[in-house]
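Next come the chains, spelled out residue by residue.
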Amino acid sequence: MKVLKFGGTSVGSVENMCNVKHIINDGNKKVVVLSAMSGTTNRLVSIAQDIEAGRTNDAIDKVNVLHQNYFIVIDDLLTNTSLNSDVKNYVSRIFEGLVELTNREFTETVENIILAQGELLSTYMFTSYLKQEGIGASLLSALDFMKIDAFKEPDLPHIKRHFENVLNNAEDSEIYITQGFICLNNEGQISNLQRGGSDYTATIIGAVIKAEEVQIWTDIDGMHNNDPRYVENTSAISNLSFEEAAELAYFGAKILHPQTVTPVRKDSIPVRLKNTMKPEAHGTLISKNTSGNGIKAIAAKDNITAIKIKSARMLQAHGFLKKVFEIFETNKTSIDMITTSEVAVSLTIDDNKNLEYILAELEKIASIEVDKNQSIVCLVGHSVVNHQDTYRLFQILQDVKIRMISYGGSKNNISLLIDSKDKINTLQKLNDYLFELVTL
Ligand code: ASP
Ligand code: MG
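Figured I'd write up the structure that's included with this text. (Residues numbered from 1 in each chain as written. Chains lettered and ligands numbered in written order. Predicted model: local features only at pLDDT ≥ 70, side-chain atom pairs only at ≥ 80, totals over all residues. Heavy atoms only, no water.)

All right, on to the pattern of salt bridges then. Where charged atoms from two side chains of opposite charge come close, those side chains can pair. For the coordinates displayed, the defined rule picks out 24 salt bridges. A salt bridge links Asp155 to Lys147, with the shortest nitrogen-to-oxygen separation between them at 3.6 Å. Considered together, Asp155 and Lys147 belong to a single accessibility category, that of buried residues. Two residues, Arg403 and Asp371, come together in a salt bridge whose shortest N-O distance is 2.8 Å. Highlighted residues: Arg403 in strand S15 (residues 402-410) and Asp371 in strand S14 (residues 367-380), separated in sequence by 32 residues. Here Arg403 falls in the partly exposed class, since its relative accessible area comes to 23%. Asp371 sits in the partly exposed class, given a relative accessible area of 28%. Taken together, the shared-partner salt bridges connect Asp50, Arg55 and Lys62 into one network. (Salt bridge = Lys/Arg side-chain N within 4 Å of Asp/Glu carboxyl O. Buried < 20%, exposed > 50% of the residue type's maximum accessible area, 1.4 Å probe, protein only. Helix = DSSP H or I, 4+ residues; strand = E, 2+ residues; numbered from the N terminus.)

So, in structure tokens, the structure goes:
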């Protein structure tokens, strides 16, 4: 069985839902994971923020606007009157529930309940649409099987057991539809797999059913060799290894949730990235195979904070780094990049939530310099650190101020830390020279 995940734009308009219908209606048994319609989760986040800040009326206004928008889509999508009114009833119950939540005390669980509604809406609407088109599909509730543990990691044995159970009890069908992103936590409350988490849902299901393949359908023809939002002349990469894809997803390639390949890597289940609007395009195949050496792709991750920790006594002072790491550990903040010299250690974090506490602790043992608004530019390729062209990086970037370099931490990745204001220029230069669109 295959698992196919469709992102927000794929279910964001009637035309795209029609494309999805054609893609999945091929006579083979499959699990279809859906995101919320594009824009919905962002709006739910903003509703939650209003409720948290006590702006109840703003929240209710936004709920009502969204409610009306859904009715417009439903009228476009469902011409069958009984399905149309059934879906409107379902959707109205969801939006009435959201209005009720504005009166409740705001907690993390209330926030998670709000965020979960987008996927519940899209899956219900899409299943009804298939029904209208004469295609049988069975809707499975992700909350009946998808669960994270106390460390917010997917509880795979639980998911496997419960998914099999849910599948056995479901009406036999060629198409099983379920919600991406949402899950229960270890206390049985509604939670989620973080923003963009529907990709992760798909590969988690892929892993527990040992799927033949997981397909992630988006609005772009695969993973590009540079960020197409900022750089001209990027192109889709046809093959990536799991290692390369994991590095790219982690360091900023927005197309994939950072954990996407983790569940399927062990069993070498291939992940194919495809474009709903252009199904005939090859897309990107992520598999255990490596192809070609040298730099294959460039990605950038923003909102990085660099911290330089300087201690006169670091020289030959064993245990210094341990103390530094412990401070980050007790403040539940993970470190991305790190470089050391004899007198200082520079490191980066992408989560500033506990920065204040971290700095207060660090200041007791060293002098500190902090730079915000940094970006990590990550160059990925099989064995890139051994490649003969890698030295050219320094030539290409001679005018860019590089704050840190991480080279050889993994042989597939070279990371550079730069000021975010230099990012677009740096990405374009790397693109032009490394992919030989221009020669030096
Ligand atoms: N709807 C969620 C989000 O916007 C999950 C996803 O789309 O993957 O983050
Ligand atoms: Mg996504």
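The phi torsion at Asn303 lies on the positive side, around 55 degrees, for a residue other than glycine. In this structure Asn303 comes out as exposed when scored by relative accessible area, which is 60%. Phi is positive for Lys332, which is not a glycine, with a value near 50 degrees. Tracing the backbone shows Lys332 in the loop between helix H10 (320-330) and strand S12 (335-340).

With the rule as written, the count across this model stands at 5 aromatic pairs. Summarising the aromatic geometry, the rings of Tyr90 and Tyr124 are spaced 3.8 Å apart at their centres and angled 5 degrees between planes, so their arrangement reads as stacked. Taken together, the residues Tyr90 in helix H4 (residues 81-101) and Tyr124 in helix H5 (residues 108-132) connect sequence positions 34 residues apart. The exposure class of Tyr90 is buried, given its relative accessible area of 17%. With centroids separated by 4.8 Å and ring planes inclined at 75 degrees, the aromatic side chains of Phe145 and Phe163 adopt a geometry described as edge-to-face. In this pair, Phe145 sits in the loop between strand S3 (137-140) and helix H6 (156-169) while Phe163 sits in helix H6, placing the two residues 18 residues apart along the sequence. Relative accessible area serves as the criterion here: at 0%, Phe163 is assigned to the buried category. Taking NZ or CZ as reference, Lys88 lies 5.2 Å from the ring centre of Phe71, over its face. (Phe/Tyr/Trp six-rings, centres within 6.5 Å; stacked < 30°, edge-to-face > 60°. Lys NZ or Arg CZ within 6 Å of the ring centre and 35° of its normal.)

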